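# Notes for the structure review
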Amino acid sequence: MRNIRKIFVRAAAVLVFLFVLESTVRFLYEPYNTYSILSTEEYEELKGTLDTLFVGSSHSYFAFDPQLFDERMGTNSFNLASGAQPLFMSYQLVREGIEINPIKNVVLGISFSSLLKNEDDNSVLGGYDRLITLRGKIRTLLEDTDDNRRLHELFYSTRVDNWFDFSAVAENVRHKLSDTYREEVLAMDDNEYGYRGYWYSENVFNGQRNTDENRGYNVWDESKVKDINLEYLIKIMASICGS
């Protein structure tokens, strides 16, 4: 019994050490102007009050302005969409959102590519970083089928490739410790983050880009629909109906 207790204490100590280490690495190396930092802070502050969520790919990411939507619809909303967000991550975000908020409405923005494409690491990580509860993150880790990507989700240090760029580290620390950190980021000339997860852009759509990728993923072909994407689309609808 005493040996088991020692093993438990040591395992707990290792976990605490890893948590502190990873938190420190993320604080030092995650760029201070990464929009997800501000978005996550806002989402945590509003936890328990939201009744409407926007999820999905950039179609939702750039399209739905929560402030304008709330003014006209009388809702309290947040935009959790992210670039090329796979339905797997949309489902995880909806599930977590329903658990921590009195959700009444979910707006899911999908495109042909949402149903035709496989998940890629960056799009999954972009959605994973928008989760705010330990339960939601652990559940996503367990359900993700890619072991290498799971490592990147769990350990931010595996995403760092500029370990010796100490000037960037100093810049990050200086901004993040500033009392006006949020105001400084929002005032930057190249800032595109609005509020409540909304990312705005002044780009104008001038017609579909004629590339091999777009020809392959933006033309409907039922035979190319991935079963796993349909599965998560159904799960999203089931989560909403059951909330």
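Figured I'd write up the structure that's included with this text. Fair warning: this is a prediction, and the values are worked out from it, not measured in the lab.

### Brief notes about the sheet that holds strand β1 (residues 52-56)
Neighbouring strands of a sheet are bound in pairs by backbone hydrogen bonds; such pairs are parallel or else antiparallel. Spatially, β2-β1-β3 is the arrangement adopted by the three strands of the open sheet, whose pairing is parallel. Both edges of this open sheet fall to β2 (77-79) and β3 (105-109), since each of them pairs with a single strand only. Each neighbouring strand pair of the sheet contributes to a mean axis angle of 15°, computed without reference to strand direction. The pairing of β1 with β2 spans three bridges and is parallel. Across the sheet, residue Leu-53 finds its bridge partner in β2, namely Phe-78. Running over the sheet, helix α4 (residues 66-73) touches β1 and β2 and is turned about 155° from β2.

### With respect to the packing of aromatic side chains
In total, this model carries nine aromatic pairs according to the counting rule given. Centre to centre, the rings of Phe-54 and Phe-69 are 5.1 Å apart; their planes meet at 90°, and the pair counts as edge-to-face. Of the two residues, Phe-54 sits in strand β1 while Phe-69 sits in helix α4, which places them 15 residues apart along the sequence. On the basis of relative accessibility, which here comes to 26%, the residue Phe-69 falls in the partly exposed class. With a centroid separation of 6.2 Å and an interplanar angle of 80°, the aromatic rings of Phe-164 and Phe-166 are classed as edge-to-face.

### Focus: the environment of Ser-111
By the secondary structure assignment, Ser-111 is in the loop between β3 and α6 (112-116). Considered as a pair, Ser-111 and Ala-84 are 27 residues apart in the sequence and their alpha carbons are 9.5 Å apart.

### Topic: the pattern of salt bridges
Under the definition given, this model contains 13 salt bridges. In this structure, Glu-143 and Arg-95 form a salt bridge, with 2.8 Å as the shortest nitrogen-oxygen distance. Highlighted residues: Glu-143 in helix α8 (residues 134-143) and Arg-95 in helix α5 (residues 87-100), separated in sequence by 48 residues. Owing to a relative accessible area of 26%, Glu-143 belongs among the partly exposed residues under this scheme. Residue classification places Arg-95 among the buried residues on the basis of a relative accessible area of 18%. Close ionic contact of Asp-147 with Arg-150 constitutes a salt bridge, the shortest N to O distance being 2.6 Å. With Asp-147 and Arg-150 both in helix α9 (residues 147-154) and three residues apart, this pair spans about one turn of that helix. Residues joined by salt bridges that share partners form a network here, namely Arg-26, Glu-30, Asp-129 and Arg-159.

Cut-off values and rules
Residues numbered from 1 in each chain as written. Predicted model: local features only at pLDDT ≥ 70, side-chain atom pairs only at ≥ 80, totals over all residues. Heavy atoms only, no water. Pairing = 2+ DSSP bridges. Helix = DSSP H or I, 4+ residues; strand = E, 2+ residues; numbered from the N terminus. Axes fitted to C-alpha atoms, helices over the stretch in contact; angles between N-to-C directions. Contact = heavy atoms within 4.5 Å. Phe/Tyr/Trp six-rings, centres within 6.5 Å; stacked < 30°, edge-to-face > 60°. Buried < 20%, exposed > 50% of the residue type's maximum accessible area, 1.4 Å probe, protein only. Salt bridge = Lys/Arg side-chain N within 4 Å of Asp/Glu carboxyl O.

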